[in-house]
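# Coordinate inspection notes
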Amino acid sequence: MKHLIITAVALLFVQLNGAAQNNSDEALRKKADELAHKYILTDGHVDLPYRLKIKNFRLEREYLGIPLKTTEGDFDYERAKKGGLSAPFMSIYIPSSYQQTGGAKELADSLINMVRGIATAHPDKFGIVTTPKEADANFKKGVISFPMGMENGAPLQTISDVAYFRKKGISYVTLTHGKDNLICDSSYDTTHTHKGLSAYGREVVKEMNRVGIMVDISHVSDDAFYQAIELSSVPVIASHSSCRYFTPTFKRNMSDDMIKLLAKKGGVIQINFGSSFLDEKYRQQIEALQDKFGKALKEKGLKMGTPEADEFQKQFQKANPVLFADVETVADHIDHVVKLTGSTKHVGIGSDFDGVGDSLPTGLKDVSQYPNLIYVLLKRGYTESDIANLMYKNVWRVWQKTVDNATVRR
C-alpha cells in the first residue's frame, strides 16, 4: 500500500510538473507574439520585387492582390501582419549578368517603380520610407513600411548615380553581388580584380556617406570589407549574412574577426535564414546532391529550364530529401554574435526571404513565423530589451546615423 501511495504521488508530481512546463511554454509563445507586434520588426533583406518580376507582375487591378495574399513565395501582407513584420527592406536585386550585358540602372528603376506602385495602390497597407522616423510614423498607423536596399551596386555607373538612387528611395547599397564589379570584389568570385575596393569604389563609399545611403558589406570579399569599414565615416551593415564560424568553407559569411570589427565600429550583422548560410552539414549535403543531379540530368539528355528538366528536378528532390536547418540554428548564430561582441546591440534579422529558394529553416518558412525565433530567444534568456534591439533598434541606430551624417539634404 505504501509503495502504491508513493507511486501515485510521484505520478501526480510528474503530471503537475508537465502541466507547469506546458503553461510556461504557452506563456512564452504568447509573449513572443506580443513582442513581435509591440515593437517595429525590420528585416534587412526581402526579395519580393525580383520574385514578382520573374512572375511578370503588372500594376493592374487583377494583379495587385498578389502582395496581399498568395500561396506563392515567402511574403505577403497577411502573413507579414501575422508575423509582426512592419519594415521589410525591399531588395532591388540586380543579377551580376547585368554587369556584362548592360541595363542594370534600368532594371533598378523598374523594380523601384514596382515597389512604389504597390504602395500607391494600397496606401492603407504599405508605405515607402527613406528614414527611420518615417517608418516609426507608419508603425503607429499600422502601415507596413517599405524601405528599399539595392543589392549589387552595378547600377551606380557614375558617381552621380549614388545621389540619383538616394532620391529614388534607396537606403542601402550592397556594394556587389556574385561577381567582382566596378566597385569591389565579391566573396563568390576568385579573380580578386581590385584586391578589395577599386579606386572608383572608394569614391562610391564616400559618396554614399555624403548622401545618406548605408554601406552594406554582404557579398563583398574580405579585403573589400576591411577597406570599406575603415573608409566609411559611419557604421556599416551586413544586411543578410551569417557567421562563418558555423560554415567555415563559406566565405560569403562573416568571420569572427570581421564581426568583432563591425561591432567595434558600431555596425550590425543581420542573420540570413538560408540553410546554406547556417549549417555546414546542409551545405555538404546540397553540394553532393547538386553533383548527383547534374550527372543524372546529363545522362537523361535534359536541359535546365525545360519542362522535362523541371519535372525531373521535382522527382529528384522528392527522392533525395535534405535536412534543413531550424529556428534553433538561427538563434545559435545570434548567440554567437552576442558572445563575440559582448552585447545584443550588433545583430539583427536579414532573412533573405524570397531569395534563398527552398532552403529556409524549419520554423521560419515565411514572414508569418518570426515569433518562433523570438520564442526561442526568450527561452534562452534574452530580455525584452535585447529582443527590441534585435528587432529594429540596432539597425535604426546605424540608419539614423547615416541619415544624420549626410551633408546632402533631399
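These lines cover the structure that appears in this document, whether it is placed above or below.

Reading the values: the criteria
- Residues numbered from 1 in each chain as written.
- Predicted model: local features only at pLDDT ≥ 70, side-chain atom pairs only at ≥ 80, totals over all residues.
- Heavy atoms only, no water.
- Axes fitted to C-alpha atoms, helices over the stretch in contact; angles between N-to-C directions.
- Helix = DSSP H or I, 4+ residues; strand = E, 2+ residues; numbered from the N terminus.
- Parallel < 35°, antiparallel > 145°, perpendicular 65-115°, else oblique.
- Left-handed = near helix turned anticlockwise from the far one by under 90°.
- Contact = heavy atoms within 4.5 Å.
- Buried < 20%, exposed > 50% of the residue type's maximum accessible area, 1.4 Å probe, protein only.
- Salt bridge = Lys/Arg side-chain N within 4 Å of Asp/Glu carboxyl O.
- Pairing = 2+ DSSP bridges.
- Right-handed = clockwise from strand over helix to strand, strands pointing away.
- Expected span 1.5 Å × (residues − 1).
- Polar contact = N/O pair within 3.5 Å; in protein donor to acceptor, adjacent residues only side chain to side chain.

### Describing the packing of helix α14 (residues 327-341) against helix α15 (residues 370-379)
Packing of α14 against α15 brings their axes to within 9 Å, and their N-to-C directions diverge by 60°. As summarised for this structure, α14 and α15 are arranged oblique, according to the angle between their axes. In this structure, α14 meets α15 at a crossing whose hand is right-handed. Side by side, α14 and α15 meet where Val327, Glu328, Val330, Ala331 and Ile334 of the first sit next to Asn372, Leu373, Val376, Leu377 and Lys379 of the second.

### Topic: the side chain of Ser242
Among the secondary structure elements, Ser242 is positioned in the loop between β8 (237-238) and α10 (256-264). By relative accessible area, which is 0% here, Ser242 ends up buried. The contacts of Ser242, once residues within four sequence positions are left out, are Asn253, Met254, Ile269, Ile271, Asn272, Phe277, Leu278 and His333.

### A closer look at the pattern of salt bridges
Scanning the model with the defined rule gives 19 salt bridges in all. The shortest N-O distance in the salt bridge between Arg380 and Asp332 comes to 2.9 Å. Separated by 48 residues along the polypeptide, Arg380 in the loop between α15 and α16 (384-405) and Asp332 in helix α14 bring together distant segments of the chain. Arg380 gets classed as partly exposed once you look at its relative accessible area, which sits at 31%. Through salt bridges with shared partners, one network takes in Glu328, Asp332, Asp335, Lys379 and Arg380.

### Quick look at the pairing of strand β9 (residues 268-271)
Of the two faces of β9, the one holding Val268 and Gln270 and the one holding Ile269 and Ile271 are both buried throughout. Bridge count between β8 and β9: two bridges; the pairing is parallel. Considered in β9, the bridge of Ala238 is made with Ile269. The handedness of the β8 to β9 crossover, carried by α10, is right-handed. Here β9 pairs with strand β10 (residues 347-349) via three bridges, running parallel. Pairing of Ile271 across the sheet is with Ile349, part of β10.

### Concerning helix α12 (residues 280-299)
Note on helix geometry: an α-helix contains 3.6 residues per turn, so any two residues three or four positions apart are oriented the same way. An ideal rise of 1.5 Å per residue puts 28 Å on 20 residues; α12 measures up with 29 Å between its terminal C-alpha atoms. Taken residue by residue, α12 has Glu280, Tyr282, Arg283, Leu289, Phe293, Ala296 and Leu297 as its buried positions. Check the buried side of α12 and you find it contacts α11 (275-278) and α13 (307-319). In this structure Asp279 caps α12, since a side-chain oxygen of it lies 3.0 Å from the backbone nitrogen of Lys281.

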